[in-house]
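Residues per chain are reported as follows:
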Amino acid sequence: MTIRTVATTPFEGQKPGTSGLRKKVRAFQQPHYLENFVQAIFDSIGDVAGKTLVVGGDGRYYNRVAIQTILKMAAGNGFAKVMVGRGGILSTPAASCVIRKYRTFGGIILSASHNPGGPSEDFGIKYNIPAGGPAPEGVTEAIHARSTILREYRIAEAADVDLDSLGNRSLAGMAVEVFDPVADYAELMRSLFDFDAIRAAFAGGLRMKFDAMHAVTGPYATAILEGLLGAPAGTVMNGVPLEDFGGGHPDPNLVHAHDLVEALTGPDAPDFGAASDGDGDRNMVLGRDFYVTPSDSLAVLAANATLCPGYAGGLKGIARSMPTSQAPDRVAEALGIPCYETPTGWKFFGTLLDAGLATLCGEESFGTGSDHVREKDGLWAVLMWLNVLAARREPVADIVRAHWARFGRNVYSRHDYEGIDSAAANGLMEHLRGLKLVGTSLGGSPVALHDDFAYTDPVDGSVSTRQGIRIVFSDGSRIVYRLSGTGTEGATLRVYIERFEPDPAKQDLDPQVALADLIGIAREVAAIVARTGRTEPSVIT
Ligand code: G16
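Residues numbered from 1 in each chain as written. Predicted model: local features only at pLDDT ≥ 70, side-chain atom pairs only at ≥ 80, totals over all residues. Heavy atoms only, no water.

Draft legend 1. Molecular detail of the site of the ligand. Near the ligand you find 19 residues, and of these Glu-363, Ser-484, Gly-485, Thr-486 and Arg-494 are the closest. Note that an oxygen atom of the ligand is positioned 2.7 Å from one of the side-chain N or O atoms of Ser-365. Between Arg-482 and the ligand, the recorded distance is 2.7 Å, taken from a side-chain N or O atom to an oxygen atom. Expressed as a share of its isolated accessible area of 470 Å², the protein-covered part of the ligand is 99%. Counted by class, the shell around the ligand contains 1 nonpolar, 10 polar and 8 charged residues. (Near = heavy atom within 4 Å. Polar contact = N/O pair within 3.5 Å; in protein donor to acceptor, adjacent residues only side chain to side chain. Areas by Shrake-Rupley, 256 points an atom, 1.4 Å probe, with all protein chains shown as cover. Nonpolar A, V, L, I, M, F, W, Y, C, P; charged D, E, K, R; others polar.)

Below, the structure is given as structure tokens:
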């Protein structure tokens, strides 16, 4: 066995964003680029000798190449064992599940999530800690710092490992276990939800479509929905994972999951529709002719959680990211439990879940999850909805409308301006930071709060600043501005708009109509048209 120490020089910009390092495939294909980052991870996470690591990804282009490199580097750095999903496949929540179940020294997940895949598209890599969640900022900062001074990496000289058949093999003295990526995850889901009731609902005629978008959830959804739960064949659409996601954009929203939206439209449409993203951590939920916003989905699931066996004992708390609507806060208040407001990024939920302060978490960016793993979990959210539907036997739209009637509706929309010039985007944010709005009125509404959101983690005391500009009006309506931390080209401006509507007679309005005045204010205050040259958002959700 030969371990080579290879001389290298640092690359600029190996700084993880909202969730890991995401770049174009061609950036990762540069000689030493991936190796440098992997070595920076191994150098930053403590003594790896004799430890076990989990590795897997969403199956996108470059997944297999990267995994072979990571395996050889794990051997070169002294890991005792690496567990790899068959075919190099592991959804992000399944990776979290396996890391926790087998108490490994964390894992490396290869994904650029909802971003497109293929030779000219995106790739990504992140390290998840032994608790199963994305590395917190302290760790990602250490990895970045290490990447700027790295001079060499260690790699075993060995043949590629067969990733396509289950079993144990050896690579330069290190054990490699190729395992079924679905089995442990399916078992965990079975422990949380009433599979008998859901099976009975399907047998009784509940009709569903799940759009896997040619991404990683295909095998999971097929095995669980069509296999264990007996949904008819064909319930899962686009179920075969492809390296380029079939040329699509595996982002489960109203724009990119248009096949599903079409399938759920009209009087003969199925009762329930759902989609997941590239790596299986996001979800979108639809009823017949009805879209459930991610914020409402979290609120409805929280209010109905005790219908599910895994949550029958009640919730300890709810956590949501700051730009997520305040609908979950109302449920928490009614349940007499705390609701935490964190910055955008699932990594901020980890400490709350570990400390037992929160049970359910969610984000407006199509992320919902619980303390069962330390990632958001697309299929978990779909199964929780199915459990609620099986228990309540009402249409999705009726359940959500009844929720609004009880708690009030937080009418909500997000406007994304994608691929804008980075300097213009930074200028726009600086402009917003510099305004003095408290005490003034915008469009006749007094501004009660105007700040750049900062967060102090209640568990470990760590502080995160500059997490989004908030303009909150005296009636509680909000406009929030952030720049995305997950893109790979230019900048994406996200504008989040929200107003509370307690009157059931007014709750059924189209959010774009109900929020029109706030949307106008949001554009004017930030001078979006003048600063970005965009007259309309690229995506509205
Ligand atoms: C990641 C994070 C999420 C975050 C989302 C959007 O999701 O895990 O917590 O909400 O990015 O981030 P941004 O608004 O900065 O683009 P994913 O699904 O891409 O891993």
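Draft legend 2. Quick peek at the pattern of salt bridges. Counting across every chain of the model gives 34 salt bridges. The shortest N-O distance in the salt bridge between Lys-376 and Asp-281 comes to 3.5 Å. Here Lys-376 is found in the loop between strand E18 (367–370) and helix H13 (378–392), whereas its partner Asp-281 is found in the loop between strand E12 (272–276) and strand E13 (283–287), with 95 residues between them in sequence. For Lys-376, a relative accessible area of 10% puts it in the buried group. (Salt bridge = Lys/Arg side-chain N within 4 Å of Asp/Glu carboxyl O. Helix = DSSP H or I, 4+ residues; strand = E, 2+ residues; numbered from the N terminus. Buried < 20%, exposed > 50% of the residue type's maximum accessible area, 1.4 Å probe, protein only.)

Draft legend 3. The arrangement of unusual backbone geometry in detail. Even without a glycine there, the phi angle at Tyr-62 is positive, about 90 degrees. Relative to the helices and strands, Tyr-62 is located in the loop between strand E3 (52–57) and helix H3 (63–76). Among the residues examined, Tyr-62 registers a relative accessible area of 14% and is labelled buried. Despite not being glycine, His-214 has its phi angle at roughly 55 degrees, a positive value. Within the secondary structure, His-214 is located in the loop between strand E10 (208–211) and helix H8 (217–228).

Draft legend 4. Local environment of the packing of helix H2 (residues 33–44) against H3. Contact geometry for H2 and H3: axes closest at 10 Å, N-to-C directions at 45 degrees. Relative to H3, the element H2 lies oblique. The handedness of the crossing between H2 and H3 is right-handed. Of H3, the residues touching H2 (which contributes Leu-34, Glu-35, Val-38, Gln-39 and Phe-42) are Ala-66, Thr-69, Ile-70, Met-73 and Ala-74. Classifying every residue of the contact of H2 with H3 gives 7 nonpolar, 2 polar and 1 charged. (Axes fitted to C-alpha atoms, helices over the stretch in contact; angles between N-to-C directions. Parallel < 35°, antiparallel > 145°, perpendicular 65-115°, else oblique. Left-handed = near helix turned anticlockwise from the far one by under 90°. Contact = heavy atoms within 4.5 Å.)

Draft legend 5. Here's a closer look at the environment of Ile-67. Take Ile-67: it is sitting in helix H3. Ile-67 gets classed as buried once you look at its relative accessible area, which sits at 0%. Counting along the chain gives 227 residues from Ile-67 to Pro-294, while the straight-line C-alpha distance between them is 33 Å. Leave out the neighbours within four places in its chain, and Ile-67 touches Val-55, Gly-56, Val-84, Gly-88, Leu-110 and Leu-163.

Draft legend 6. Representation of helix H6 (residues 183–192) in the model. Within the span of H6, buried status applies to Asp-184, Tyr-185, Ala-186, Met-189 and Leu-192. On the buried face of H6, the contacting elements are helix H4 (92–101), strand E9 (174–179), helix H7 (195–203), H8 and H13.

Draft legend 7. Highlighting the nonpolar core. With 69 residues, the main nonpolar core has Phe-193, Phe-210, Phe-272, Tyr-311, Trp-380, Trp-385 and Leu-386 as its most contacted residues. Counting residues per element, this core draws most heavily on H13, at 11 residues. Counting the residues that make up this core, at least three belong to each of domain 1 (2–181) and domain 2 (185–407). Among the nonpolar cores identified, the runner-up in size contains 45 residues, and Leu-53, Tyr-62, Leu-110 and Val-161 belong to it. (Core = buried A, V, L, I, M, F, W, Y, C linked by side-chain atoms within 4.5 Å. Domains from an automatic or database assignment.)

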